[in-house]
Amino acid sequence: MDSHACIRASAYVYEGALGDNIDTDRIIPGKYTKTLDISLLASHVMEDLDPEFRYRFIPGSILVAGDNFGCGSSREQAPIALKAAGVSVIIARYFARIFFRNAINIGLPVLEVPHHAIAHGAILEVHLREGTVTDISAGVVYKATRMPKVMVDILAEGGLVPYLQKYGDYVL
Amino acid sequence: MGQTISEKILSAHAGYPVYQGEIAVVHVDGIMATDTTAPYAITAFREIVGKSGRKVWNPSRCALVIDHAAPAPTEKISNLHVMMREFAREQGCPLYDVGSGICHQIMVEEAFVRPGDVFVGADSHTCTYGGLGAFATGVGSTDLAAVMLTGKIWLKVPQTIRIEYTGTLPKGVTAKDLVLFTVGQLSISGATYQAIEYCGSALETLSLSSRMTIANMSAEMGAKTGIVHPTGLTLEFGLRYDWTPVLPDEDAEYVRRYSFDVSALQPQVAVPHSPDNVKDIREVEGTKITYAFIGSCVNARLEDLQQAAHILRGRHIHPNVRLLITPASKNVMLAAVQDGTMQTLLEAGATMTNAACGACVGAHLGIPGDGEVVISTANRNFKGRMGNPNAQIYLSSAAVVAASALTGAITHPAEFL
Ligand code: SF4
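Basis of the calculations
In every chain, residue numbers begin from 1 and rise along the written sequence. For this description, chains carry letters from A and ligands carry numbers from 1, given in the order in which they are written. Local features in this predicted model are restricted to residues whose pLDDT is 70 or higher, and side-chain atom pairs enter the listing and the counts only when it is 80 or higher, whereas totals over whole chains, interfaces and linings include all residues. Hydrogens and water molecules were not included; the side-chain quantities draw on all heavy atoms of the structure. Strands here are runs of E lasting at least two residues and helices are runs of H or I lasting at least four, both read from the DSSP assignment and numbered beginning at the N terminus. The cut-offs for exposure are 20% and 50% of the maximum accessible area for each residue type, with area from a 1.4 Å probe on protein chains only; residues under the lower value are buried, those over the upper are exposed, and the others partly exposed. We call two residues in contact when some of their heavy atoms are within 4.5 Å. Note on areas: Shrake-Rupley, 1.4 Å probe, and residue coverage restricted to the protein chains presented here. When charges are counted, Lys and Arg are positive and Asp and Glu negative, with His and the chain ends excluded. A single reference atom marks each charge: NZ on Lys, CZ on Arg, CG on Asp, CD on Glu. Domain start and end points were adopted from an automatic or database domain assignment. Joining two parts hides part of their accessible area as seen by a 1.4 Å probe, and the buried area is that hidden amount summed over both. For this document, the term salt bridge refers to a Lys or Arg side-chain nitrogen within 4 Å of an Asp or Glu carboxyl oxygen. By the criterion applied in these results, polar contacts are pairs of N or O atoms within 3.5 Å in which, for protein atoms, one can donate a hydrogen and the other can accept it, and in which residues neighboring in sequence qualify only through two side-chain atoms. Here the term charged refers only to Asp, Glu, Lys and Arg, the term nonpolar to Ala, Val, Leu, Ile, Met, Phe, Trp, Tyr, Cys and Pro, and the term polar to all other amino acids, Gly among them. This arc is taken over the directions from the axis of the helix to the C-beta atoms. Strands pair, by our definition, only if DSSP identifies at least two bridges between them. Here the expected span of a helix is defined as 1.5 Å times the quantity of residues minus one. Residues are counted as near a molecule or strand when any one of their heavy atoms sits within 4 Å of it. The axes are straight lines fitted to the C-alpha atoms, using for helices just the contacting stretch, and the angles between their N-to-C directions are given from 0 to 180°. The cut-offs work like this: below 35 degrees is roughly parallel, past 145 is roughly antiparallel, 65 to 115 is roughly perpendicular, and the gaps in between are oblique. Left-handed describes a crossing in which the near helix is turned anticlockwise from the far one by less than a right angle; the clockwise case is right-handed.

## A closer look at the overall build of chain A
Part 1: Looking only at helices and strands, chain A features eight helices and seven strands.
Part 2: Viewed in the frame of its principal axes, chain A has a C-alpha envelope of about 45 × 40 × 25 Å.
Part 3: The proportion of buried residues among the 172 residues of chain A is 60%.
Part 4: For chain A, contacts bridging at least 24 residues in sequence account for 65% of all contacts bridging at least 6.
Part 5: Here chain A has roughly 6300 Å² of accessible surface; of this, 56% comes from carbon and sulfur atoms.
Part 6: A gap of 3 Å separates the mean positions of the 16 positive and 19 negative side-chain charges of chain A.

What follows is the structure in structure tokens.
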């Protein structure tokens, strides 16, 4: 992932009760997590919450949710499943702690935008390095919460594996 | 400037004083991964290392535990277990195989983690060791792979919420009720990115097992870690080592403070589908159940089994109910055999499984059917948590589960005490 990149795609939005506290059991149920086959993870992603997700979600789109996205377990299979299903970026009002780290570590961009009114289907332009989200459909620019530099660097390398391959250790 | 427990422990492991909000790289004392997280961690570790020949930084401090789907219910999962065994042998890491028990119980029982340590586990309930006064936090697989290699982790020093409990817990009301009540008050996101310190006179006489129960559910409030003040802490599980309590400074800075008097607390029940949907038992009494589960890292230690046995002694569970008991570890199981608890439970109609995560995570060992209502001692009741999105899961103490297994409906344990 080139962190200078700008990602332009449409928004797949969960709002209201459906959009808050989406837990890792809903993202990928525990019974499916014991596999290294990521296409299998992708085929069950979100199925208890949104059985239509894997048919309706257009790969490359941006997933948009409310508060506390990814709460619950530490399973990295949750962001991996979303990434494998073609999610290019996740925007939430805020994320659960472990999910946030995991997503960055596997090179899936996640942005916290505390206040937004992004509508389903809106065309968004995400600038990772600047941390901005432009809602082209609504003509609004949102500023994401600033990430620690180490996270920006990890994301810039495409995840923690390539980061450590390059640096061998954490560089603060 | 005064420091919280987290700031003190992290300072000692960073090598210089650190305070909330700062990003720091700290040395860790131990790490752990399970059969859900280790396969991805091993894969990431191998990718990072490549052909460089680098090894796990300190194999004796890196434990692997096969507990989430143990024994393996499918050949695919069995192959993942094989992968873990091979990695452990190759690197010289201790591996706790099928039947040993739940990772968190084992880490404490085996003195893998001690008071004042920094411990990183690839499981969200790693915070359980806060019951021992350690700074313990859950991470994902790739983060763990990085710690395997470096023996260090970067983190943001958290702000701390201080929760004080006064009074004395009434009879039949347990540490689980206290923490369920707390989750209900703070909500599932109430401590996101923050640490919790649990303190106060009501906690000072609690066993290590009960302290672990409380610290465990810090995860259900989104906390990075949850530490019970080690005041009054006595080691359990046959543990014997010297330790020094780490307590906060008088002038430590807290982001929020709560104070609860627990003297009138009633048993608490979390209703579907979120652990913070917490109600007083009086509001849900009489809800029919068909499946009762005593297990998981929050409540399957000897004291929980004893609590259940106390209620079930000389009685038999309701004909419409199956009671499944999955002890937290082999040692817990042995202790329950030795003191007669096991016999009491079996005679009352319970089914005993091997020590593991079991039904808690819905991989096998007791998946509920459609429309079934479960009363469980576990820590999560998210939709689909036990393997079936069409089941309803209620969370409570072992005492409430045992009483409910007797009547076939959610029941206040006082009736049987
Ligand atoms: S018992 Fe349940 S909550 Fe605890 S580690 Fe196992 S799966 Fe997770």
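## Focus on the domain arrangement of chain B
Residue and element names in this part refer to chain B.
Part 1: Domain boundaries assigned for chain B yield domain 1 (1–265) and domain 2 (269–416).
Part 2: With centres defined by C-alpha atoms, the gap from domain 1 to domain 2 works out at 24 Å.
Part 3: The interface is formed by 36 residues belonging to domain 1 together with 35 residues belonging to domain 2.
Part 4: Of the roughly 2800 Å² buried at the junction of domain 1 and domain 2 (both faces included), carbon and sulfur atoms supply 57%.
Part 5: At the junction of domain 1 with domain 2, the criterion picks out one salt bridge.
Part 6: Glutamate 220 is the partner of arginine 380 in a salt bridge, and the nearest nitrogen-oxygen pair spans 2.8 Å.
Part 7: Seen at the junction of domain 1 and domain 2, the total is 21 residue pairs in polar contact (both at pLDDT 80 or more).
Part 8: Breaking the side of domain 1 that touches domain 2 down by element, the ones donating at least two residues are α4 (103–109), α6 (175–186) and α7 (208–216).
Part 9: Top element by residues in the side of domain 1 that touches domain 2 is α6. It accounts for six residues.
Part 10: Tallied by class, residues from the side of domain 1 that touches domain 2 come to 13 nonpolar, 17 polar and six charged.

## Observations concerning helix α9 (residues 302–312) of chain B
All names here are of chain B.
Part 1: Listed in full, the buried residues belonging to α9 are Asp304, Leu305, Ala308, Ala309, Ile311 and Leu312. Viewed along the axis of α9, the buried residues span an arc of 160 degrees, placing them on a single side of the element.
Part 2: Elements that come into contact with the buried residues of α9 comprise β14 (291–294), β15 (322–325), α10 (330–338), α11 (341–347) and α12 (398–407).
Part 3: Immediately downstream of α9, the backbone of glycine 314 shows phi near 75 degrees, a positive value.

## Looking at the pairing of strand β7 (residues 140–143) of chain A
Residues and elements named next belong to chain A.
Part 1: Sheet topology note: the strand β6 (residues 132–135)/β7 ladder contains four bridges and is antiparallel. By the bridge assignment, valine 133 is partnered in β7 with tyrosine 142.
Part 2: Hairpin remark: β6 followed by β7, antiparallel, with four residues in the connecting loop; positive phi at glycine 139, about 70 degrees.

## Digging into helix α2 (residues 38–49) of chain B
All names here are of chain B.
Part 1: Over its 12 residues, α2 runs 16 Å from end to end, which matches the ideal 16 Å to within 8%, given 1.5 Å per residue.
Part 2: Of the residues making up α2, those classed as buried are Ala38, Pro39, Tyr40, Ala41, Ile42, Ala44, Phe45, Ile48 and Val49.
Part 3: Glycine 50 occupies a position one or two residues after α2 and carries a positive phi of about 55 degrees.

## Section: the site of the ligand
Residue and element names in this part refer to chain B.
Part 1: Lining the immediate surroundings of the ligand are His68, Ile102, His104, Asp123, His125, Ser296, Cys297, Cys357, Cys360, Val361, Asn379 and Arg385.
Part 2: Of the residues contributing to the shell around the ligand, the split by class is five nonpolar, five polar and two charged.
Part 3: Of the domains in this structure, domain 1 (1–265) and domain 2 (269–416) are the two that each give at least three residues to the shell around the ligand.

## Brief notes about the packing of helix α8 (residues 160–167) of chain A against helix α5 (residues 141–150) of chain B
Part 1: With their axes 10 Å apart at the nearest point, α8(A) and α5(B) run at an angle of 20 degrees to one another. With respect to each other, α8(A) and α5(B) are oriented roughly parallel. Handedness of the α8(A)/α5(B) crossing: right-handed. Here Leu160(A), Val161(A) and Leu164(A) of α8(A) lie close against α5(B), whose contacting residues are Thr142(B), Asp143(B) and Ala146(B).

## Points about the interface of chain A and chain B
Part 1: On the chain B side, the residues contacting the 46 residues of chain A number 52 residues.
Part 2: Interface area, chain A with chain B, both sides summed: about 4100 Å², of which 59% is carbon and sulfur.
Part 3: Our count for the chain A to chain B interface comes out at three salt bridges.
Part 4: The closest approach of N and O atoms between Asp143(B) and Arg101(A), which form a salt bridge, is 2.7 Å.
Part 5: On the surface where chain A and chain B come into contact, there are 22 residue pairs in polar contact (both at pLDDT 80 or more).
Part 6: Counted by class, the side of chain A that touches chain B contains 20 nonpolar, 13 polar and 13 charged residues.

## Observations concerning the side chain of Asp153(A)
Part 1: Tracing the backbone shows Asp153(A) in helix α7 (residues 149–157).
Part 2: Within the local environment of Asp153(A), its side chain forms a polar contact with the side chain of Lys149(A), the two groups lying 2.7 Å apart.

## Here's the deal with the sheet that holds strand β4 (residues 95–96) of chain B
Residue and element names in this part refer to chain B.
Part 1: With parallel pairing, the five strands of this open sheet are ordered in space as β4-β3-β2-β5-β6. The open sheet has two edge strands with one neighbour each: β4 and β6 (135–138).
Part 2: Note: strand β5 (residues 118–122) against β6, four bridges, orientation parallel. Looking at the pairing, valine 120 lines up with threonine 137 of β6.

## What about the pattern of salt bridges?
Part 1: Inspection of the entire model under this criterion finds 17 salt bridges over all chains.
Part 2: Residue Lys166(A) is joined to Glu157(A) by a salt bridge in which the shortest nitrogen-to-oxygen separation is 3.1 Å.
Part 3: Residue Lys166(A) is classed as exposed on the basis of its relative accessible area of 52%.
Part 4: A residue is classified by how much of its surface remains accessible, and Glu157(A), at 24% relative accessible area, is partly exposed.
Part 5: Two residues, Lys8(B) and Asp249(B), come together in a salt bridge whose shortest N-O distance is 3.0 Å. With a gap of 241 residues between them, Lys8(B) in helix α1 (residues 5–14) and Asp249(B) in the loop between β10 (225–228) and β11 (256–261) connect regions that are remote in the sequence.
Part 6: Connected through shared salt-bridge partners, Asp25(A), Arg75(A) and Arg385(B) make up one network.

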